[in-house]
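A closer look at the structure
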Amino acid sequence: MASVPEQTPPAGGWAALDGSHRLVAVEVLRHGPLPRSELSRRLGLSPGSLTRLTRPLVDSGLLVEGTTAVHVRTGRPSLPLDVRPGSRQFVGVKITADELYAVVTDLRAEVLAEHVRPLPGRDPDAVVAAVAEVVAELRAAHPDVTALGVGIGGLAVGHRHVVVARFLGWTDVPLADRLAAATGLPTVVDNDVRALTAAEHWFGDGRGRHSFALLTIGAGVGCGVVVHDRVVEGAHGAGGSVGHRPFGAGGVCREGHRGCTDAVLTSSSVAGGVAQAIGRPVTYAEALQLARDGHPAAQRVVGDAGRALGLLITDIANLMDPALVILSGEGVGIVELARPELDATLAEHRSGAAPPVELAVRPIPFTGWARGGAAVAIQDHVLGRADPVTSP
């Protein structure tokens, strides 16, 4: 077991923690409440070293001792350690083409309040002003808000900068700095699928798993990847991009690729394929209902999408061997209808030596995606990555 010298973290909460104290506190946040024996095992610390690290964290109120539990092996009472979740609150925002979805969460990303508002415009000035107004309203009822996290569909780098967000018509927008100046809060910005993946990693179905993937279907097709217990961002912020994987058949996506993922699996491509087959426009919901009712053309389009989804999941599984693949997004309803085609494709193309892919189908509302923004803000706050507020 490792030992550490006596240390007392300075006042100031998470922001003032040194590496050793932060390591302990983050482990409890992610996996607690934890008995000290389990925490010692996880971190490779001797009981004495752990006591020296946890005592000032408990004395400062950052960690609390839970209800007494009996140690299974010895019968001795044990007080599990937990974080004090109410000591910090966070605002998370999901930006769509037409609406803002916002939540307030505690330190464990438990949602305390929700807010939905139409987006008054798509230019950066209008979006920044709308987010700032929503944040001000939420802070009026939740004065302990510590930071702001935003998820946006597009390429975001460094938790600061939006390189491109096509659905808003944006390129090269320093969104985090602009929102920090408008709200007075430390602000982080990330791709919305990656933010949702961060929430699932620390606080959802991916908790405790060192490897998993989150695949979302809807207006676009996105993928978040966790490998070795870290969300993959990639060298240029584009880690997990799967929207243009070629399948060789199907329509044409917005960027002119024929038969790619976006041209086969998005809600607009499925609705478009059914509309072309039956000779009239249909919505995505109508397309799925036609398939559910047994319409041959709709069933063919949905089945093709299921096979494409099966190939995409096979690619991900063969490449990274995840412990779990979570399927979500506003278009995830197609999975139920196309499950036979999806499963058959997985069985056909997955290596025979590999275990079956564990799938979890999780419809998540846009307020859940906003929670992803809050999760990224939480992570940056507790890991000491948050940048200072940019003054107006």
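As a reminder, the structure under discussion sits directly above these lines.
Reference entry: report on the structure contained in this document. (Residues numbered from 1 in each chain as written. Predicted model: local features only at pLDDT ≥ 70, side-chain atom pairs only at ≥ 80, totals over all residues. Heavy atoms only, no water.)

**Examining the overall build of the protein**
As a reminder, the rule being used: Secondary structure is summarised from DSSP: a helix means a run of H or I of at least four residues, a strand means a run of E of at least two, and numbering begins at the N terminus for each. In this description the radius of gyration comes from C-alpha coordinates, and the expected globular size is given by 2.2 Å times residues to the power 0.38. Exposed residues in this analysis have more than 50% of their type's maximum accessible area, buried residues have under 20%, and partly exposed residues fall in between, with area computed by a 1.4 Å probe over protein chains only. Residues scored as charged are limited to Lys and Arg (positive) and Asp and Glu (negative), so that His and the chain ends carry no count. Taken as the charge centre is NZ of Lys, CZ of Arg, CG of Asp or CD of Glu, depending on the residue.
Broken down by element type, the protein carries 13 helices and 17 strands. For a compact globule of 392 residues, the expected C-alpha radius of gyration is about 21 Å, and the protein comes in at 23 Å, within 12% of that figure. Taking the principal axes of its C-alpha atoms as reference, the protein extends roughly 75 × 55 × 35 Å. For the protein, buried positions account for 51% of its 392 residues. Treating the 35 positive side-chain charges of the protein as one cloud and the 40 negative ones as another, the clouds have centres 4 Å apart.

**So, the pattern of salt bridges**
Operational definition: By convention in these notes, a salt bridge is any Lys or Arg side-chain nitrogen within 4 Å of a carboxyl oxygen on Asp or Glu.
Applying the stated rule across the entire model yields 21 salt bridges. Asp304 serves as the salt-bridge partner of Arg307, at 2.8 Å between the closest nitrogen and oxygen. Placement of the pair is Arg307 and Asp304 together in helix 10 (residues 296-320), with a separation of three residues, close to one helical turn. The residue Arg339 makes a salt bridge to Asp343 at a minimum N-O spacing of 3.0 Å. Taken together, the residues Arg339 and Asp343, both in helix 12 (residues 339-349) and four residues apart, mark about one turn of the helix. Here the salt bridges do not stand alone but share partners, grouping Glu27, Glu38, Arg41 and Arg42 into one network.

**Digging into the sheet that holds strand 10 (residues 161-165)**
Inclusion rule: A pair of strands is labelled paired if DSSP reports no fewer than 2 bridges between them. Only the stretch in contact is used when fitting a helix axis, every axis being a line fitted to C-alpha atoms; angles between N-to-C directions are given from 0 to 180 degrees.
The strand order across the open sheet built from three strands is 9-10-11, with neighbouring strands paired in antiparallel fashion. In the strand order of this sheet, the two ends are held by strand 9 (155-157) and strand 11 (170-173), each with one partner. Ignoring which end each strand starts from, the neighbouring axes of this sheet average 15° apart. Where strand 10 and strand 11 come together, three bridges link them in antiparallel fashion. Along strand 11, the bridge assignment pairs Val162 with Val173.

**Considerations on the packing of aromatic side chains**
Cut-off, in case you're wondering: The aromatic pairing rule takes the rings of Phe, Tyr and Trp, using the six-membered ring of Trp, and pairs them if the centres are within 6.5 Å, calling planes under 30 degrees apart stacked, those over 60 edge-to-face and the rest tilted.
Counted under the stated rule, the structure contains three aromatic pairs. Ring centres of Tyr101 and Phe366 lie 5.1 Å apart, and the angle between their planes is 45°; this geometry places the pair in the tilted category. Of this pair, Tyr101 sits in strand 6 (residues 99-105) while Phe366 sits in helix 13 (residues 366-382), placing them 265 residues apart in sequence. The buried category is assigned to Tyr101, whose relative accessible area is 13%. On the basis of an interplanar angle of 65° and a centroid distance of 6.2 Å, the ring pair of Phe366 and Trp369 is categorised as edge-to-face. Linking Phe366 with Trp369, this pair stays in helix 13, spanning three residues, or about one helical turn. Given the relative accessible area of 24%, Phe366 is considered partly exposed. Here a set of aromatic residues connected by ring pairs shows up, and it is made of Tyr101, Phe366 and Trp369.

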